[in-house]
Amino acid sequence: MNQSTELLYRFHKELNQSFRDPQELLSRGLEMIAHHLKLDQIAFFEWLPLESILAQRLVWRGEVTMDIEEEIYVPEQSPLRSVLQGTGVYLSQDLAYPALYVPVQWKGLSKNSGLKFEGAKFSRIGALRMERLNKSWTFSSREKELAQGLAEELSHNMSHADMDRYTKDQLQRAHALTELTGVFASSLRRDDAMKLILQGIQKYFGFDRVRLYLVNQEEQKLKGELSVDVRGHVRSLAHEQIPLQPGSHLFADIALANNSQTIIDKYRDTVVYIPLMVQGKTSALLIVDNLLFQQPIRRDDLTSLSSFAGQIALALDNAMLFDKVQDLSQYDELTKLPLRRYFNERFQEEMYRAERFSQPMALVWIDVDYFKEVNDTYGHQIGDVALKEISRVIMANLRKIDFPCRYGGDEILILLPQARAADARRITTRLSQEIAEIRIPVPFAKTGELHLSASLGAAVYPEDAKTTEELMQRADETLYWVKSKCKGKAALYGDVLGPGAAQNPPILPS
Amino acid sequence: MIFWMLPNSGLQSVADMKTMLTEFSAEHPDIAVEVRVLARRALWTRMFLSQREGVDDTVADLVQIPHYWTALFSRLGVITDLNDLDPALSANECIAPLQPHCFMPGTQRVHSVPWWMDVSALHYRVDHLQQIDSNPDALFTKWDGLLSACEALARNRRVHNYYPMENANARGSFTIREMLPCILNRGGDLFSQDLSRASVHREECLRGMEDYLALFRKGFMPLLRERGSLGTVAEGKASIVISRRQSESIFAMGTEGEVPVRTVPVPGELFGSNSYLSSYNLAIMREGTAQQEALTLLKWLTSNSRQQKYARLIDAFPCSNAAFEGFIFSSRERLSTYAAIVGSARTLPNITVCGTAVKILDEALGRLASEIVKNRYSSSLLMQEMVKAQVEMDYLLSLYGD
């Protein structure tokens, strides 16, 4: 074995140790070449074919490697260009000291394994610049040959390191995607599902931002839902509402196209739009971006997201369906008021809160007057309209914290948290008055319209009752009292039936 | 403890830092510091990736950043609130224009501390320029004067690989930061006054850029050539340099004794002479594991005497009030030269999108550099690139406006 062969073998053995990543391998490789060839400085350059530029990525000097940039334009027909095409070595003509360019070529991931280039792996080209700062210490033919041998060995190892890194990345990705699939299936509630899906995508793909817009066909709008940023923080996008009309906005155009194809922003490779389709129609638009980072979105990420789009769409659709079913089981379809079971749950919670924080609470029981007669005389359709109208009036006159419920038939209950007797008196009076003003057109009736009225009985915690059952009973007793004494009016238990009730109790005007 | 730093003095960066750290290690033998030199591009990527899961790269504890990155990385939570580590840390020590760059926008919480700074100025070899004009200073009052001087120098000096101007850009190319004085001198800027819109596509900005690009297009300054293959002002293979560093090293580096160099403001046009002032700040990474040690080194490096020492080592300027005053008042010449330059200097704004905007612009300029060397450059290309950049910057401002 001659000296050069022995040195190359030693270099091969040294490089064959396992390195954590391609950068570490390159750094160590440069250092070893510098020692073997007694160099003062050695730099690794990568060839950027589109720009015709050799870009320095790493330089070794004085026992340390540094990431320092230098860019050299290499015109066509120049000797350095020939070297990059793999023909021999090139001794710099311009540098004041001996500097030898030696080509390296390896199979690896493109630095732009994003959107601009096709193919996950391709042959990459570069060069090593080996420098001796002593002007008179030139490179002998044997050294030039050895330099080429060392560069070839380095190239070979770089291919392995890049491929190892690629395989490791792919495994990591597969693992992440499996976990993400779990996230998609992990939540049934709409709001939770959206949040978890967006956070999962942000976490596993590491985008700057992930946004979700939902198509609302009824309102013909694309409505902003949520945005998750690079730190996993969730923000509402409810303020963003885009008319679903052609030309109104890029997002609207993408949604209206009803095409499942992922779209890369026309001007940026840092933004990607992913239409989420259910049964051939766009139900939502997922937008991911690396706008702050300015790192192109990787092609691999794009492929994964595209293949997940269907799954994300289904997960969202399922969550929305689940919410709808929940709504159906909790809300009355006709009046849109909560049903008895939901009310009972809420009533218990509110009573617990009232007890714990010593807050007042009132319960109002409403019964539509002559409702059976309305149904019998004008038919159930008119009866339904009457109930809908009364519900509308009730909803329009309540505070956000109040909780009405269709308790059954024509009976409606309203929970008034934090309401004292005076508050209950004010609300019931207003409701009674506004219900009395309802007019329902009935063409076949003599008057052409139907007038409605309702009786209201209210009781207040803690003055009138200490438990939910007692409160309901007192409100019911009051309603019965109103029905029997002054139909169409409202009264409070404390005013008409309680221990301090007056001889001539105040019946609330309507 | 790991310290990510920029190549402040090129290939000498690690050696210069080691000189500083010898003293630090003697004072703090329990703190071992590992220095890693990263180009701006690599540092940007690493800082973003530091907060992502599944990235197994080691994260630094202490990091050097350009001043205009503070807003972004403090908002993203990449760098930590230094007042959480030391409530007494304040920005009052550094010169006034740099103070806003220490804070997360909208707060008075210190997230980075200026370490050193540089400011653009024109340095010229008096012996070379006097051969073409008896009063060279007068040549550099207008940009056209600089072009005429370059033309005359190119005609008169027949030296191999000579260029009238040395390219101070470390990459051998150009960035928006080198162009800023020209842009400001034409009345342009990167952002509108209220910082709500980009203005890089506006005529005054484009004209400022064209001024700077003319130096390359006319062959007065090398572009994308082998570093080291070209001469420097000190070696006599260039006569003028627009640089943000001091000219002290040019004096010292003369091969035939002291080189006579004069420093003047970057030639202005309609709006006088403006300079770009840039500080390099130290910050502590949120994901770092040795924050207390990092804080000790940060405070040590930014103390007046160490600032002064390091700035001298790398040919830059100290940026604390006391250290800068010490520098500028140390000689009559320095005072007369730099008082006006620093007085007219501007920094980049401390807004969240600034780092990204500069990156967008530098990528556009990188494409233009490639077109210039291929002789395919035209003003319409510049316009196209800047319109695209402006759209992108406006979009960013609409999303992340402070």
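Residues numbered from 1 in each chain as written. Chains lettered and ligands numbered in written order. Predicted model: local features only at pLDDT ≥ 70, side-chain atom pairs only at ≥ 80, totals over all residues. Heavy atoms only, no water.

(A) The overall build of chain B, seen in detail. For chain B, the helix and strand inventory stands at 16 helices and ten strands. Viewed in the frame of its principal axes, chain B has a C-alpha envelope of about 60 × 50 × 35 Å. Taken across its 402 residues, chain B has 61% of its residues classed as buried. Long-range pairs, those at least 24 residues apart, make up 77% of the contacts in chain B with a sequence separation of at least 6. Accessible surface, chain B: about 15,000 Å² in total, of which carbon and sulfur atoms supply 49%. (Helix = DSSP H or I, 4+ residues; strand = E, 2+ residues; numbered from the N terminus. Buried < 20%, exposed > 50% of the residue type's maximum accessible area, 1.4 Å probe, protein only. Contact = heavy atoms within 4.5 Å. Areas by Shrake-Rupley, 256 points an atom, 1.4 Å probe, with all protein chains shown as cover.)

(B) Inspection of the sheet that holds strand β17 (residues 411–417) of chain A at higher detail. All names here are of chain A. Ordered in space as β16-β17-β15-β20-β21, the five strands form an open sheet in which the pairing is mixed. Lying at the two open borders of the sheet, with one neighbouring strand each, are β16 (403–408) and β21 (490–492). Strand-to-strand twist of the sheet, defined as the mean angle between neighbouring strand axes without regard to direction, takes the value 20 degrees. Judged from the seven bridges that link them, strand β15 (residues 361–368) and β17 form a sheet pairing that is antiparallel. Of the residues in β17, the one forming a bridge with Asp367 is Glu411. Its contacts with the sheet place helix α8 (residues 340–356) against β15, β16, β17 and β20 (454–461), and it is angled at close to 135 degrees to β16. Here helix α10 (residues 380–397) sits on the sheet and contacts β15, β16 and β17; the angle it forms with β17, its principal contact strand, is near 5 degrees. (Pairing = 2+ DSSP bridges. Axes fitted to C-alpha atoms, helices over the stretch in contact; angles between N-to-C directions.)

(C) Local environment of the pattern of salt bridges. Throughout the structure, instances matching the rule amount to 48 salt bridges over all chains. One salt bridge connects Lys359 of chain B with Glu363 of chain B, and the closest N-O pair in it is separated by 3.4 Å. Taken as a pair, Lys359 of chain B and Glu363 of chain B lie in helix α15 (residues 354–373) at a separation of four residues, close to a single helical turn. With a relative accessible area of 37%, Glu363 of chain B lands in the partly exposed category. One continuous salt-bridge network, built from bridges that share partners, spans Glu46, Arg57, Arg124 and Asp162 of chain A. (Salt bridge = Lys/Arg side-chain N within 4 Å of Asp/Glu carboxyl O.)

(D) Representation of the state of the cysteines. Residue and element names in this part refer to chain B. Inspection of every chain in the model, using the stated rule, returns zero disulfides over all chains. No disulfide involves Cys150; its sulfur sits 12 Å from that of Cys182, the nearest cysteine. Note on Cys150: relative accessible area 0%, which makes it buried. Cys205 carries a free sulfur, and the closest cysteine sulfur to it, the one in Cys182, is 11 Å from it. The buried category is assigned to Cys205, whose relative accessible area is 0%. (Disulfide = S-S within 2.5 Å.)

(E) Seen up close, the interface of chain A and chain B. Tallying the contact residues gives 45 residues for chain A and 51 residues for chain B. Together chain A and chain B conceal approximately 4,400 Å² of surface at their shared face, both sides included; 51% is due to carbon and sulfur atoms. Taken together, the connections running from chain A to chain B amount to four salt bridges. Put simply, Arg41 of chain B and Asp67 of chain A hold a salt bridge, and the shortest N to O gap is 3.6 Å. (Buried area = accessible area lost by both parts, 1.4 Å probe.)

(F) Expanded view of the sheet that holds strand β5 (residues 121–125) of chain B. All names here are of chain B. Taken together, the four strands give an open sheet; going across it, the order is β6-β7-β5-β8, and neighbouring strands pair in mixed fashion. The sheet terminates laterally at β6 (165–166) and β8 (261–264), the two strands that pair on one side only. Examined bridge by bridge, β5 and β8 share four bridges and lie antiparallel to one another. Residue Arg125 lies in a different strand from β8, and its bridge partner there is Val261. Along the sheet, helix α7 (residues 143–156) makes contact with β5, β6 and β7 (240–243), crossing β7 at roughly 140 degrees.

(G) Just unusual backbone geometry, in detail. Pro462 of chain A follows Tyr461 of chain A through a cis peptide bond whose omega is 5 degrees. Non-glycine residue Leu195 of chain B carries a positive phi angle of around 60 degrees. Note on placement: Leu195 of chain B falls in the loop between α8 (176–185) and α9 (203–217). The exposure class of Leu195 of chain B is partly exposed, given its relative accessible area of 31%.

(H) Structural view of the domain arrangement of chain B. All names here are of chain B. Under the domain assignment used here, chain B contains domain 1 (2–116 + 278–342) and domain 2 (121–275). In this assembly, domain 1 packs against domain 2 so that about 1,200 Å² is buried in total across both faces, 43% of it on carbon and sulfur atoms. Of all residues in domain 1, Asp315, Tyr338 and Ile341 bury the most surface against domain 2, accounting for 41% of the area lost on that side. In this structure, the connection of domain 1 to domain 2 is made through zero salt bridges. At the junction of domain 1 and domain 2, the tally comes to six residue pairs in polar contact (both at pLDDT 80 or more). Going through the elements one at a time, β9 (275–284) and α14 (332–343) are the ones with two or more residues in the side of domain 1 that touches domain 2. Ranked by residue count, the leading element in the side of domain 1 that touches domain 2 is α14, at four residues. Class assignment of the residues belonging to the side of domain 1 that touches domain 2 gives a composition of nine nonpolar, three polar and three charged. (Domains from an automatic or database assignment. Polar contact = N/O pair within 3.5 Å; in protein donor to acceptor, adjacent residues only side chain to side chain. Nonpolar A, V, L, I, M, F, W, Y, C, P; charged D, E, K, R; others polar.)

(I) The arrangement of the packing of α7 of chain B against α9 of chain B in detail. All names here are of chain B. Where α7 contacts α9, the axes come no closer than 11 Å and their chain directions differ by 0 degrees. Our classification of the angle between α7 and α9 gives roughly parallel. Facing Trp143, Leu146 and Leu147 of α7, the residues of α9 in contact are Asp211, Tyr212 and Leu215. Considered class by class, the residues forming the contact of α7 with α9 number five nonpolar, no polar and one charged. (Parallel < 35°, antiparallel > 145°, perpendicular 65-115°, else oblique.)

(J) Structural context of a nonpolar patch on the surface. Residues and elements named next belong to chain B. Taken together, the side chains of Met383, Val387 and Val391 define a hydrophobic patch exposed on the protein surface, amounting to about 210 Å² of accessible area. For Val387, the location among the structural elements is in helix α16 (residues 379–400). By relative accessible area, Val387 is classed as partly exposed at 35%. (Patch = residues over 30% accessible without salt bridge, like charges linked within 9 Å, V, L, I, M, F, W, Y side chains within 5 Å.)

(K) Focus on the side chain of Arg157 of chain B. Residues and elements named next belong to chain B. By secondary structure assignment, the location of Arg157 is in the loop between α7 and β6. An unpaired buried charge is present at Arg157: no salt bridge exists, and Asp127, the closest side chain of opposite charge, is 6.4 Å distant. Beyond its immediate sequence surroundings of up to four residues, Arg157 is in contact with His128, Gln131, Tyr162 and Ser239. (Lys, Arg positive; Asp, Glu negative; His and termini not counted.)

(L) Seen up close, the confidence of the model for chain B. Counting all residues, the mean pLDDT for chain B is 91, and 96% of those residues have values of 70 or more. Interface confidence for the predicted complex, expressed as ipTM, amounts to 0.90; the pTM equals 0.79. (pLDDT = per-residue confidence, 0-100.)

(M) Representation of helix α2 (residues 40–49) of chain B in the model. Of all ten residues in α2 of chain B, seven are buried, a share of seventy percent or more. Among the structural elements, β1 (2–5), β3 (62–66), α3 (70–75), α8, β9 and α15 of chain B are those in contact with the buried residues of α2 of chain B.

(N) Here's a closer look at the environment of Leu43 of chain B. Residues and elements named next belong to chain B. With respect to the helices and strands, Leu43 occurs in helix α2. With 22 residues separating them in the primary sequence, Leu43 and Ile65 have C-alpha atoms 8.5 Å apart. Excluding its chain neighbours within four sequence positions, the residues that come into contact with Leu43 are Trp4, Leu6, Leu38, Val63, Gln64 and Trp69.

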